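# Analysis of the macromolecular model
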Amino acid sequence: MNEGRGRVAAVTPCGWCDVSGATLTGQGLSDCDRSSAVVRSHDSFQRMSQFSPTTPIGSCAEAGLEQLSASLLRLYRLALHPDIAAFQNAALHHLLEQVPFDGCVWGSGVLGDNHLHHVHPWQVDRGILGLINADVEHNVVAQHCIASPGVAHVFDGSSLRANAAAAWMPRHFGFEQVMVIAVVDPDTGVIDSLGLLRRQAQPPFDARERRWLELLMPHLQVMLRLCLLTHLQGRREQGMPAHERLAISDPCGVVHIMEHGFAELLREQWPDWRGPWLPPGVIDAGPLARTSRSPAAALRVSVDDACERLLVRVRRCSALDRLSPQEQAVSTAYAQGQSHKEVARALGVTPATVRHHLRRVYAKLAVDDKAALAQRLTESEPAPIAGR
């Protein structure tokens, strides 16, 4: 594969599979790539819709299908925006045209962990995540979603107040109705949930609105992956080094989408890794925009903010990674042919300081002269990643 290209894949319990059908290139996603993603989701919709093939043309059911098809096309176009939060807001405004609501919580988690890892709140305080996760085992809303994914559940104010773990919804936020659904990505194990909230008891969420949400939610999950893919492509086109491999995870370290070669790099350090959780130590609870090495210093990992998620960048460690920034500057200039005095003048230090740094560099890299240093630094260029 040429430099700068990377297929995007997702983790499964048994390994990795391509979730986008797309190839990342410097020219961006081809029309064929984008169309294939929409076609696959349209096929999924046909399987879900369960309308009889004998439905007469012009019937109410046919009109409903046309309306849903138009909505899906509009939403898929919105999903091609690289700003993930902007896509989610636009999608919710579009959904509002079909199902009125006063607030919304769009969340994600993973199979095996009943807590939400991330939420995109709309007209709701972001602190709602802590309340949702406070007592999941006894929360009637959460338990219904876990027990029957793909089904839209409706709760009124009285049923929420009767459940101690869910009573905060009407008491703290004034919501008298909740309609919630969760769907599971069969390839990754990632769970996406959507909770629509109304402050008035009337009118109640009806059967049509429930069915609309049940048909739409699997598509919203695919659209969000498409938006993540577009964001990942945009970051790649900003000039990321070709030897790095990129992925997007949630704040807890569950991979949602990644470039081809990302898994292969991680398996050089953790041979049995299958995801979807990143290996221990790859990310931590510290602030964003951090960089660390893996425990055995085989890999270099950088973690940056990515629209409320994490952009994880992985590459092999090189010889230069063992050196301090000053040692890197001194050794690079010296290996390129400059003298001690020339290096000192360029860096604003004394020749004695240059010699001191070079002694340390020679010891770290196990070399003993300028020629060996130049060769060692040349060899430190990252090797091609398997599968490229």
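The text that follows walks through the structure, step by step, so that each part is easy to find.

About the criteria used
- Starting afresh in each chain, residues are numbered from 1 along the sequence in its written order.
- Note on the predicted model: pLDDT of at least 70 is required for a residue's local features to be given, and 80 or more for side-chain atom pairs to be given and counted; whole-chain, interface and lining totals, by contrast, use all residues.
- Water and hydrogen atoms were dropped before computing side-chain values, which therefore reflect all heavy atoms in the structure.
- Put simply, buried Ala, Val, Leu, Ile, Met, Phe, Trp, Tyr and Cys residues joined by side-chain atoms within 4.5 Å make one nonpolar core.
- Each residue is placed in one exposure class: buried if its accessible area under a 1.4 Å probe, protein chains only, is under 20% of its type's maximum, exposed if it is over 50%, and partly exposed if it falls in between.
- Numbering of helices and strands runs from the N terminus; a helix is a DSSP stretch of H or I covering at least four residues, while a strand is a stretch of E covering at least two.
- In what follows, residue pairs with any heavy atoms lying within 4.5 Å of each other are defined as contacts.
- A pair of strands is considered paired only if DSSP assigns at least 2 bridges between the two.
- The salt bridge criterion pairs a side-chain nitrogen of Lys or Arg with a carboxyl oxygen of Asp or Glu, the two atoms within 4 Å.
- Cysteine sulfur atoms are paired as a disulfide whenever they come within 2.5 Å of each other.
- Here a polar contact means two N or O atoms within 3.5 Å. Within protein one must be a hydrogen donor candidate and the other an acceptor candidate, and residues neighboring in sequence count only if both atoms are side-chain atoms.
- Cavity: a set of points on a 1 Å grid over the protein atoms alone where a 1.4 Å probe fits but cannot get out. Pocket: an open set with protein on both sides within 12 Å along at least five of seven lines, its lining residues, like those of a cavity, having an atom within 4 Å of a point.
- Grid points are joined across faces, edges and corners, and a volume is the space filled by probe spheres set on the points.
- Under the scheme applied here, ten amino acids are nonpolar (Ala, Val, Leu, Ile, Met, Phe, Trp, Tyr, Cys and Pro), four are charged (Asp, Glu, Lys and Arg), and all others, including Gly, are polar.

## A closer look at the nonpolar core
It is characteristic of soluble globular proteins that their nonpolar side chains tend to be buried jointly. Ranked by size, the top nonpolar core spans 41 residues in total, and within it F87, L95, W106, L194, L196, L220 and M223 carry the most contacts. Of all the elements in the fold, those that place two or more residues in this core are α2 (60–78), α3 (84–96), β3 (103–110), β6 (177–184), β7 (190–198), α8 (207–237) and β8 (245–249). It is α8 that provides the largest number of residues to this core, a total of 13 residues. In this structure, V105, V119, V124 and F173 belong to the second largest nonpolar core, which totals 19 residues.

## Observations regarding the environment of V151
Tracing the chain through its elements places V151 in the loop between α5 (140–147) and β5 (153–156). For the pair V151 and V180, spaced 29 residues apart in the sequence, the C-alpha separation amounts to 8.4 Å. Those residues within four positions of V151 in sequence are excluded, and the remaining contacts are V180, I181 and E214.

## Notes on unusual backbone geometry
The omega torsion across Q202 and P203 is -5°, close enough to zero to call that bond cis. Within the fold, P203 resides in the loop between β7 and α8. Cis geometry is adopted by the peptide bond preceding P276, which originates at G275 and carries an omega value of 0°. The topology assignment puts P276 in the loop between α9 (262–269) and β10 (290–293). Phi at Q123 is positive, roughly 60°, even though this residue is not glycine. Relative to the helices and strands, Q123 resides in the loop between β4 (113–122) and α4 (128–133).

## Quick word on the pairing of β8
Summarising burial for β8: 5 of the 5 residues are buried, a large majority. Here β8 pairs with strand β12 (residues 309–316) via 5 bridges, running antiparallel. Each residue of the ladder has a partner; that of R245, found in β12, is V314. Inspection of the sheet shows β8 paired to strand β9 (residues 255–259) by 3 bridges, in the antiparallel sense.

## So, the environment of S302
When you line up the elements, S302 lands in strand β11 (residues 299–306). Owing to a relative accessible area of 12%, S302 belongs among the buried residues under this scheme. As for S302 and E244, which are separated by 58 residues in sequence, their C-alpha atoms are 9.9 Å apart.

## A closer look at the pattern of salt bridges
Enumeration according to the criterion identifies 13 salt bridges in this entry. Residue E209 is joined to R198 by a salt bridge in which the shortest nitrogen-to-oxygen separation is 2.9 Å. With a gap of 11 residues between them, E209 in helix α8 and R198 in strand β7 connect regions that are remote in the sequence. Considered together, E209 and R198 belong to a single accessibility category, that of buried residues. Each of D185, D192 and R225 takes part in one network of salt bridges that share partners.

## Details of the state of the cysteines
Under the counting rule described, the total for this entry stands at 0 disulfides. Left unpaired, C227 is separated from the closest cysteine sulfur, that of C307, by 7.7 Å. For C227, a relative accessible area of 0% translates into the label buried.

## Here's the deal with the side chain of E176
Here E176 shows up in the loop between α7 (168–173) and β6. Within polar-contact distance, the side chain of E176 engages the side chain of R161 at 2.5 Å. Sequence-distant contacts of E176, that is, excluding residues within four places in its chain, are made with F155, D156, G157, R161, P170, R198, R199, Q200 and A201.

## Let's talk about the layout of surface pockets
If you add up the space inside the second largest pocket, you get close to 520 Å³. Every residue lining the second largest pocket is counted, 31 residues in all, and those nearest its centre are L116, A142, C145, V180 and S193. Those elements that place two or more of their residues in the lining of the second largest pocket are β3, β4, α4, α5, α7, β6 and β7. Top element by residues in the lining of the second largest pocket is β7. It accounts for 5 residues. A breakdown of the residues in the lining of the second largest pocket according to their chemical character gives 22 nonpolar, 8 polar and 1 charged.

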